Amino acid sequence: MYARLSEYWSRWLDRRIPRNDRARLSQRNLFILPTSAGVVFGLLLLITLITGINYQNSLILLLTFFLGAVFVAAMHQTHSNLSGVEFTLVSAGEGFAGEAIPFVVRATSPDHEAIALTLVAADGSPVTASIKAGEYQDVTLLRSARQRGYVSLGDVRVETRFPFGLLKAWSWVRPGTLGIVYPKPIAPPYAPVALEGGTEDSQALVSLGQDHAELRPWREGDMSQRVLWKRFARTGDMVIADWQGEAGNPEWFDYDAYPGADRELRLSYLAAAITERAGANPPVPYGLRLPGLDIAPDSGKLHEAVCLRALATFGLTPGERV
Amino acid sequence: MSTRAGDRPTGIPGKALIWLMAGFALLLIPQWDRLPPWLLGACVVLASWRWVVQQGYMRMPSRWLRYALMFGLLGFYVATVQGRFTVDTAASFFVLALGLKWMETRTARDFYVLFFILIYLSAVNFLFVTSLAWTVLNLAGVLILLVSLQVLNAPDQPAPVRQGARRLGWMMLKTLPVVILLFVFFPRMAPLWSVPMVSGQATTGITDSMEPGSISDLAQSSARAFRVTFGGDIPPYPERYWRGLILDRFDGRRWTQSEAPPSGRAAPVAIDGGVGVLEAGQYDVLQEPTFQRWAFALADSMPVSDNIVETPDNLFRFRRPADSSVRYRLALSSTPGDWLTELSADDRRRYLQLPVEGNPRARELAAELRGRYESPRGVVDSLMRRFREQPYFYTLRPPAMTDNHVDRLLFDDRRGFCAHYASATAFVLRAAGIPARVVAGYHGGSAGANNAYLIIRQYDAHAWVEVWLDGRWHRIDPTGQIAPERIESGLRDAMAAEGSFLANAWASPERYQNIPMVRWVSLQVDRLNYNWQRWVVGYQGQSQLDLMSRLGNRMSLAQLGYLTAGVVGGALLIAGLVSLSAQYRRRHRDPVMVQLQRWQRLLAKAGLPVIAGETPAATAARAADCWPECASDLEAFARLVNRHYYQSANKQDLLTLSALNKRIKTQMKAATRNRGARIGETMT
């Protein structure tokens, strides 16, 4: 019964508020109800009304009507505070499983001041924003992710109780763009197995040029021809281009190097290897080899992100869960 | 922790708290003279404590301290209330609960609880005070509460108080017509049940007994007793004797009523004083609360409104003690004095009653007068002549009289106030075998603004005598013999020489009536209050039905109920329509924006949706790549939009934009057709 109801509810919501990275609130998708304080206020008005009738006191009746009218005016105020506000998903975040994934939503109020809006992601803590007329404000919402893959921000409840807190107007902002969750890095308990097939490829790549040579500081005994003098002239550092040693071989992180582990664990091991290598200073290039996907060795932030994204979405189509 | 927005624990912003406290202080003012001082003190201390906590100098009290405070103050309260249950005691319990609540106000929820209690306190205040000034103060308190709620809900706004006040002002302005309509049309039903208002209230005014000195105390008060509007001419000053009650029992010191007043259950008195145009010979009295049942009236009146009943002595009584200001209507009878022709034996005894002994010299005088004159009228005339011709003095500062005060007044001191002379006259007449009684009430009254009505104040309190002659009661007033000014023009003139008029009431504007400015202002204020009391506070029952019948046909309460529902429904409908149209206008207000949106829709239809946050220039650049044919127009459009919004807006902008839009549209269509043709060519 409950399942059917919630099914019906989500279908109705999909119809009423389709998933969209950009949403403009209007009376079509805005809801308004009294808060619990508002309900108590209503009861209070009833009591003052009865008091006024019972003691035949015109002034108490006047007070009651005044407060009732203010309540209705507040209803319009609360509704129009939220109405016309636009929400745009500016960036869908990326992060590791087990962390909170940041999504940035831009709230724009083109024609009026929108005061004390509260945005709550499905499992996040509330964030408040107040926007001046014609301005915008970026709000970062956190979505906790347990598993790698795609993560949706879900339904963000946008609510306001301004001005009196007696009524709440709310709607849902339902961005479609998904965030990406990298596998949780787990250091492998054993060293990766060296693979035959991989070495040949890497040898071939090394011989292509100096691009993948390892750079290391000069130490005693190094030949002066191998010092990068241009770099010395620029920075004053004596750096050796060491493309003949074992480190000159760009390391491949290979999906198949962890026999016995299941898919998710392997991806976690690879994520650990990548984050460890990406933190190396000076940078050391690395490549990633997944079944059906090779990412050529490189270094840098962008490369790291490309590799981690490949791990995150490995074997998944957008929207699919692990 | 729950994740819903409203459930999270929130601290209370200091600004919201201080305004709530300000509202609390304002709403306590109307209660200050009714509440026990310890309770007021406790409220002030507890609220200040909470404020000090807010400032961070102290902690909230521990639970045990809170309990100790609560039970301590509750015990105090129970001890002072002593089991009486009235609105009065309920109101002080309310204030006690409010004071204690400050100690537990930690979260927004507690703030709301306080807000609700304070709103109800303002309603309770209206049970006790109804004048215009109090109403304004009370409403100001409510407005401050509403502002503090707004501060609570948007603490991060700059100048939240000023903003909130302005917003509230707008709300009030917009809803004012509906509030007025509701007030006018809401059916005034009969009370559902009744609770006594007050437990024994001390007010200034005439009481049901008279001792020497009791009325001269009243003469020090300029508080209003009642106001009267006459349908015809206002009777001349000397004729304005407002009879209140008859004191017929004398115990040697004080005069009381021999009949025990019927014990009406204390409950709100019907304040509805009849309706319609005031005809000649009728008059409306608006009496301040006396917490007594008697109503004041001229002699030979008949009741018109049905909230008063006439007693056999031509006095008037409310059905319940007047615990609020009450309006009633009377008519002057054209055939006066025929309500009794013969005194029954019981009545005769009653009006001749005297203590067995005391005041021997007065009794001697009575015997002597009785011997000298044949008729009772001769005795009465002779006594009045005595007061007129012998040196008796009318004074607000009579010597203290203890025993045999009639003797001392008549033969020794010869100085007294109206109560003394009335008492002495009735005593002598009774001793002479002539039925007599003391009447307590008011005499005189000064004109209100524009002579529209009379104001009778406490210092107009008066006592005189009625004597049974020739088969009917006659009014005689010894005061008029001694101090004719008192009867001709009032106490002020009578006391001009002595300088004792309102000698202790230095703050009363009545004392400074010789200054024209003060006089004018106080009259205008009184008129404002009079109309407020008559038309707003007194708008109940019959007044409502009367107004309705004047507006159209006579309506029943049920019809009024439908009308009220109609007013509410209509107001909601209008408000909804107004806000809808405002939304519509808002969306279509900026014609340049409309053109921009049309442009974007055009591109989107052609397969180039606008990316969120993209500037028009960037969109144009992207579009130009796809349609080089209209690149210049696209760029011109984007440039113009930019210039319009960020540099200078021209009146022609709109026309140019719409022309550009049209041209781009046709160009795009042509381009698409051309491309289709070209693709067709390559196919063949």
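Residues numbered from 1 in each chain as written. Chains lettered and ligands numbered in written order. Predicted model: local features only at pLDDT ≥ 70, side-chain atom pairs only at ≥ 80, totals over all residues. Heavy atoms only, no water.

Enquirer: Would you mind going over the overall build of chain A with me for this structure?
Expert: Helix and strand content of chain A: seven helices and 17 strands. For chain A, the proportion of its 322 residues judged to be buried stands at 48%. Excluding contacts between residues fewer than 6 apart, the proportion of contacts in chain A whose partners are at least 24 apart in sequence is 63%. Accessible surface computed for chain A: about 15700 Å², of which carbon and sulfur atoms make up 55%. (Helix = DSSP H or I, 4+ residues; strand = E, 2+ residues; numbered from the N terminus. Buried < 20%, exposed > 50% of the residue type's maximum accessible area, 1.4 Å probe, protein only. Contact = heavy atoms within 4.5 Å. Areas by Shrake-Rupley, 256 points an atom, 1.4 Å probe, with all protein chains shown as cover.)

Enquirer: When you look at the confidence of the model for chain B in this model, what are you seeing that I'm missing?
Expert: Keep in mind that low pLDDT regions are not for reading the predicted coordinates in detail. Residue and element names in this part refer to chain B. Looking at chain B, the pLDDT average stands at 84 and 91% of residues meet or exceed 70. For chain B, per-element mean pLDDT is lowest for helix H18 (residues 541–551), which scores 74, and highest for helix H6 (residues 132–153), which scores 94. Below a pLDDT of 50 lies the segment residues 1–10, which in the model reaches 15 contacts outside its immediate sequence neighbourhood of four places, other chains included. (pLDDT = per-residue confidence, 0-100.)

Enquirer: Teacher, can you tell me more about the sheet that holds strand S15 (residues 251–254) of chain A here?
Expert: Backbone-to-backbone hydrogen bonds join strands into a sheet, with any given pair of strands oriented parallel or antiparallel. All names here are of chain A. Taken in spatial order, the three strands of this open sheet run S15-S16-S17, and their pairing is mixed. The sheet terminates laterally at S15 and strand S17 (293–298), the two strands that pair on one side only. Geometrically, the sheet is characterised by an average inter-axis angle of 15° between neighbouring strands, direction not taken into account. Across four bridges, the pairing between strand S16 (residues 286–290) and S17 is antiparallel. The residue bridging Arg-289 from the neighbouring strand is Asp-294, located in S17. Packing against the sheet, helix H6 (residues 263–278) makes contact with S15 and S16, and its axis sits at approximately 170° to S16. (Pairing = 2+ DSSP bridges. Axes fitted to C-alpha atoms, helices over the stretch in contact; angles between N-to-C directions.)

Enquirer: Sorry if this is basic, but what is going on with the pairing of strand S7 (residues 127–131) of chain A here?
Expert: For a regular strand, side chains alternate in direction, first toward one face of the sheet and then toward the other. Residue and element names in this part refer to chain A. Examined bridge by bridge, strand S6 (residues 114–120) and S7 share four bridges and lie antiparallel to one another. Bridge pairing links Ala-114 to Ile-131 in S7. Between S6 and the antiparallel strand that follows it, S7, lie six residues.

Enquirer: Explain the side chain of Arg66(B) to me, please; I cannot follow it from the model alone.
Expert: Residue and element names in this part refer to chain B. Summarising the element assignment, Arg-66 is placed in helix H3 (residues 63–81). Arg-66 sits in the buried class, given a relative accessible area of 18%. For Arg-66, the residues in contact, after removing those within four places along its chain, are Pro-61, Met-103, Glu-104 and Arg-106.

Enquirer: Could you clarify how one ought to interpret the confidence of the model for chain A in this entry?
Expert: Residue and element names in this part refer to chain A. For chain A, mean pLDDT is 83; residues scoring 70 or higher make up 86% of the total. Counted against residues more than four places away or in other chains, residues 196–212, with its pLDDT under 50, gives 16 contacts. Segment residues 244–248 is flagged for pLDDT under 50; beyond a separation of four residues in sequence, or across chains, it makes six contacts in the model.

Enquirer: Explain a positive patch on the surface here, please?
Expert: All names here are of chain B. A surface patch of positive charge is lined by Arg-598, Arg-601, Lys-605, Lys-662, Lys-665, Lys-669 and Arg-673. Elements with a contribution of two residues or more to the positive patch: helix H20 (591–605) and helix H23 (653–683). Examining the composition of the positive patch, we find that four residues originate from one element, H23, more than from any other. Here Arg-673 lies in helix H23. Residue class for Arg-673 comes out exposed when judged on its relative accessible area of 58%. (Patch = residues over 30% accessible without salt bridge, like charges linked within 9 Å, V, L, I, M, F, W, Y side chains within 5 Å. Salt bridge = Lys/Arg side-chain N within 4 Å of Asp/Glu carboxyl O. Lys, Arg positive; Asp, Glu negative; His and termini not counted. Charge placed at Lys NZ, Arg CZ, Asp CG, Glu CD.)

Enquirer: Any chance you could explain the pattern of salt bridges here in plain terms?
Expert: Working definition: two side chains of opposite charge can pair if their charged atoms are close together. All names here are of chain A. Tallying each qualifying case throughout the model produces 40 salt bridges over all chains. The partner of Glu-86 in a salt bridge is Arg-24, and the shortest N-O contact between them spans 3.3 Å. Separated by 62 residues along the polypeptide, Glu-86 in strand S3 (residues 86–91) and Arg-24 in strand S1 (residues 22–24) bring together distant segments of the chain. Owing to a relative accessible area of 16%, Glu-86 belongs among the buried residues under this scheme.

Enquirer: Would you mind showing me how to read the nonpolar core here?
Expert: Nonpolar side chains tend toward joint burial in soluble globular proteins. In this structure, Phe41(A), Leu67(A), Phe164(A) and Leu146(B) are the most contacted members of the largest nonpolar core, which totals 91 residues. Counting residues per element, this core draws most heavily on helix H5 (residues 108–128) of chain B, which supplies 16 residues. If we ignore the near neighbours within four places in the chain, the residues touching Phe164(A) are Val70(A), Ala74(A), Tyr112(B), Leu146(B), Leu149(B), Gln150(B), Asn153(B), Leu168(B) and Met171(B). One finds Ala225(B), Val228(B), Ile308(B) and Tyr394(B) within the second-largest nonpolar core, a separate group that totals 78 residues. (Core = buried A, V, L, I, M, F, W, Y, C linked by side-chain atoms within 4.5 Å.)

Enquirer: Honestly, the interface of chain B and chain A in this entry has me stumped. Any pointers?
Expert: Interfaces are often sized by the amount of accessible area the parts lose when they come together. Facing 66 residues of chain B, the contacting portion of chain A comprises 57 residues. Buried surface at the junction of chain B and chain A, summed over both partners, amounts to about 5300 Å²; 69% is from carbon and sulfur atoms. At the junction of chain B and chain A, the tally comes to zero salt bridges. Across the chain B-chain A interface, the total number found is eight residue pairs in polar contact (both at pLDDT 80 or more). The set of elements that each furnish at least two residues to the side of chain B that touches chain A consists of H5, H6, helix H7 (160–185), helix H17 (516–537) and helix H19 (557–587) of chain B. (Buried area = accessible area lost by both parts, 1.4 Å probe. Polar contact = N/O pair within 3.5 Å; in protein donor to acceptor, adjacent residues only side chain to side chain.)

Enquirer: For this particular structure, what's the right way to read the environment of Ser152(A)?
Expert: All names here are of chain A. Note on placement: Ser-152 falls in strand S9 (residues 149–152). Exposure remark for Ser-152: the relative accessible area of 12% places this residue in the buried category. Placed 25 residues apart in sequence, Ser-152 and Thr-177 show a C-alpha to C-alpha distance of 7.0 Å. Setting aside anything within four residues of it in sequence, one finds Ser-152 in contact with Arg-19, Phe-103, Arg-143 and Leu-178.

Enquirer: I keep staring at the packing of aromatic side chains and nothing clicks. Help me out?
Expert: Two numbers describe a pair of aromatic rings. These are the distance of the centres and the angle of the planes. Scanning the entire structure with this criterion turns up 42 aromatic pairs over all chains. Centre to centre, the rings of Phe253(A) and Tyr286(A) are 5.6 Å apart; their planes meet at 40°, and the pair counts as tilted. Pair noted here: Phe253(A) is in strand S15 and Tyr286(A) is in strand S16, with a separation of 33 residues, a long-range link. No difference in accessibility class separates Phe253(A) from Tyr286(A), as the two residues are buried. Members of the aromatic cluster, connected to one another through ring pairs, are Phe226(B), Phe230(B), Trp242(B), Tyr283(B), Phe296(B) and Tyr442(B). One Lys or Arg, Arg34(B), reaches over the ring of Phe128(B) and ends 3.7 Å from the middle of that ring. In this structure, Arg188(B) packs its charged tip against the face of Phe183(B), placed 4.8 Å from the ring centre. (Phe/Tyr/Trp six-rings, centres within 6.5 Å; stacked < 30°, edge-to-face > 60°. Lys NZ or Arg CZ within 6 Å of the ring centre and 35° of its normal.)

Enquirer: Just checking my understanding: could you explain the sheet that holds strand S2 (residues 31–34) of chain A for this structure?
Expert: Residues and elements named next belong to chain A. Spatial ordering of the open sheet is given by S2-S11-S10-S6-S7, a layout of five strands whose pairing is antiparallel. Edge strands, defined here as strands with exactly one partner in the open sheet, are S2 and S7. Within the sheet, the average angular offset between the axes of one strand and its neighbour, ignoring direction, is 30°. Inspection of the sheet shows S2 paired to strand S11 (residues 167–173) by four bridges, in the antiparallel sense. Pairing of Pro-34 across the sheet is with Leu-167, part of S11.

Enquirer: Sorry, what's going on with the packing of H3(B) against helix H4 (residues 87–101) of chain B here?
Expert: A pair of packed helices is characterised by two quantities: the angle between their axes and the separation of those axes. Residues and elements named next belong to chain B. For the pair H3 and H4, the least separation of the axes is 11 Å and the interaxial angle reads 165°. In terms of axis orientation, H3 runs roughly antiparallel to H4. In this structure, H3 meets H4 at a crossing whose hand is right-handed. In this structure, H3 contributes Leu-69, Met-70, Leu-73, Leu-74, Tyr-77 and Val-81 to the contact, and H4 contributes Thr-89, Ala-90, Ser-92, Phe-93, Leu-96 and Leu-100. Across the contact of H3 with H4, the residue classes break down as 10 nonpolar, two polar and no charged. (Parallel < 35°, antiparallel > 145°, perpendicular 65-115°, else oblique. Left-handed = near helix turned anticlockwise from the far one by under 90°. Nonpolar A, V, L, I, M, F, W, Y, C, P; charged D, E, K, R; others polar.)

Enquirer: Whenever I open this one, unusual backbone geometry confuses me. Can you help?
Expert: Where the residue is not glycine, phi is negative for most of them; where a peptide bond is considered, it is trans in most cases. Omega for the peptide link from Phe162(A) to Pro163(A) comes to 0°, which places this bond in the cis form. Omega for the peptide link from Asn281(A) to Pro282(A) comes to 0°, which places this bond in the cis form. Phi is positive for Phe291(B), which is not a glycine, with a value near 60°. Locating Phe291(B) in the fold gives a position in the loop between strand S6 (282–287) and strand S7 (294–295). One non-glycine residue, Asn314(B), lies in the positive phi region at around 60°. For Asn314(B), the position within the fold is in the loop between strand S10 (308–310) and strand S11 (316–318).

Enquirer: Would you mind showing me how to read the pairing of S6(A) here?
Expert: Residue and element names in this part refer to chain A. Burial analysis of S6 places seven of its seven residues in the buried class, which makes it a mostly covered element. One ladder, built from four bridges, connects S6 with strand S10 (residues 156–160); its direction is antiparallel. Within S10, the position partnered with Thr-118 by the bridge is Glu-159.

Enquirer: Explain a nonpolar patch on the surface to me, please; I cannot follow it from the model alone.
Expert: A cluster of nonpolar side chains, contributed by Trp506(B), Tyr512(B), Ile515(B), Met517(B), Trp520(B), Val521(B) and Val525(B), occupies part of the molecular surface with about 750 Å² of accessible area. Relative to the helices and strands, Trp506(B) is located in the loop between helix H16 (491–494) and H17.

Enquirer: Explain the packing of helix H1 (residues 14–28) of chain B against helix H2 (residues 37–55) of chain B to me, please; I cannot follow it from the model alone.
Expert: Residues and elements named next belong to chain B. The geometry of H1 relative to H2 is characterised by a closest axis approach of 11 Å and an angle of 170° between their N-to-C directions. Viewed along their axes, H1 and H2 adopt a mutual orientation that is roughly antiparallel. Two secondary-structure elements touch here, H1 through Gly-14, Leu-17, Ile-18, Met-21, Phe-24 and Leu-28 and H2 through Leu-40, Cys-43, Ala-47, Arg-50, Trp-51 and Gln-54. Split into classes, the residues belonging to the contact of H1 with H2 amount to nine nonpolar, two polar and one charged.

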